[in-house]
Amino acid sequence: MNLCVIPARGGSKRIPKKNIKLFHGKPLIAYSIETAKESKLFDKIVVSTDDEEIAKVAKEYGADVLIRPKELADDYTGSGEVFSHAINVLNKDGKFKFACMIYATAPFLRVKYLKEGYEKLKNSNACASFSVTSFEYQIQRAFKIVNGRCKMFDKSQFYKRSQDLEVAYHDAGQFYWRKIGCKSDDVFFGKDTIPIVIPRYLVQDIDTIDDFIRAEIMYECLVKKGYIKGE
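What counts and what doesn't
Residues numbered from 1 in each chain as written. Predicted model: local features only at pLDDT ≥ 70, side-chain atom pairs only at ≥ 80, totals over all residues. Heavy atoms only, no water. Buried < 20%, exposed > 50% of the residue type's maximum accessible area, 1.4 Å probe, protein only. Helix = DSSP H or I, 4+ residues; strand = E, 2+ residues; numbered from the N terminus. Arc of directions from axis to C-beta. Contact = heavy atoms within 4.5 Å. Polar contact = N/O pair within 3.5 Å; in protein donor to acceptor, adjacent residues only side chain to side chain. Patch = residues over 30% accessible without salt bridge, like charges linked within 9 Å, V, L, I, M, F, W, Y side chains within 5 Å. Areas by Shrake-Rupley, 256 points an atom, 1.4 Å probe, with all protein chains shown as cover. Salt bridge = Lys/Arg side-chain N within 4 Å of Asp/Glu carboxyl O.

Colleague: What should I look at first to understand helix H2 (residues 52-60) in this one?
Modeller: Among the residues of H2, Ile54, Ala55, Val57 and Ala58 are the ones counted as buried. For H2, the buried positions fall inside an angular range of 165° around the axis, keeping them on one side. Along H2, exposed side chains directed more than 90 degrees from the buried face belong to Glu52, Lys56, Lys59 and Glu60. For H2, the secondary structure elements touched by its buried residues are strand S3 (26-27), helix H1 (28-39), strand S4 (44-49) and strand S5 (64-67). Capping of H2 at its N-terminal end is provided by aspartate 51; its side-chain oxygen lies 2.9 Å from the backbone amide nitrogen of glutamate 53. Count one or two residues on from H2 and you reach glycine 62, which has phi positive near 95°.

Pasting the structure below:
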């Protein structure tokens, strides 16, 4: 059996009530809940929150609710701790074999990638899989500014052609599958984790109001172009 956990606390500072702010006509968290339901991968979909308003919206869109303790709802608690808490509370009888954390701020998440993450993890000896995307620019040519001047992190990369530089990836911030009970001696971005590559046009962090506006514009354009299904 599979468990889906969607963390959504109520204390967003940069975008007040971010998780339930209307995005293209409906609460932002609704997209994550609906994608999880559409995938038919999960036996239980739970929103972990400390906020009554978020809980109400989650229930309206068909998710169950887990009220998390106050110590897991501050500005310093990571989503991984919230994910682990939900698994520990909801899987005491060991019925769930796989769990997936989906961020509440993932309106671009597509079912096909969620399924790919599950299938690849299920058919492997890895402990986890998650969404990644490529950097827009070659990170090997990155530099910092010191005393008003440029200083490359690695000058040896300057004269290489861009096509000769390795592609680098980063966390796309959409979903994280975990094989429950699987132990790793490496960091999460390591040898026991399978990366699921998401195209860059389907990735946008939503941390600030500028991010939110950009994401809405992207979403509307993608719907109009037919790249994603709208309502």
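Colleague: Mind showing me how you'd approach a nonpolar patch on the surface here?
Modeller: Where nonpolar side chains cluster on the molecular surface, the patch consists of Val167, Tyr169 and Val197 and spans about 290 Å² of accessible area. Checked against the element boundaries, tyrosine 169 lands in strand S10 (residues 169-179). We classify tyrosine 169 as partly exposed; its relative accessible area is 45%.

Colleague: Quick question: what am I supposed to make of the pattern of salt bridges here?
Modeller: Where charged atoms of side chains with opposite charge meet at close range, the side chains can pair. Under the counting rule described, the total for this entry stands at eleven salt bridges. Residue lysine 26 pairs with glutamate 34 through a salt bridge whose shortest N-O separation is 2.6 Å. Residue lysine 26 is classed as buried on the basis of its relative accessible area of 8%. The partner of lysine 120 in a salt bridge is glutamate 116, and the shortest N-O contact between them spans 2.9 Å. Pair noted here: lysine 120 and glutamate 116 are both in helix H4 (residues 111-122), with a separation of four residues, about one helical turn. A relative accessible area of 41% means that lysine 120 is categorised as partly exposed. Put simply, Arg9, Lys13 and Asp75 are held in one network by salt bridges that share partners.

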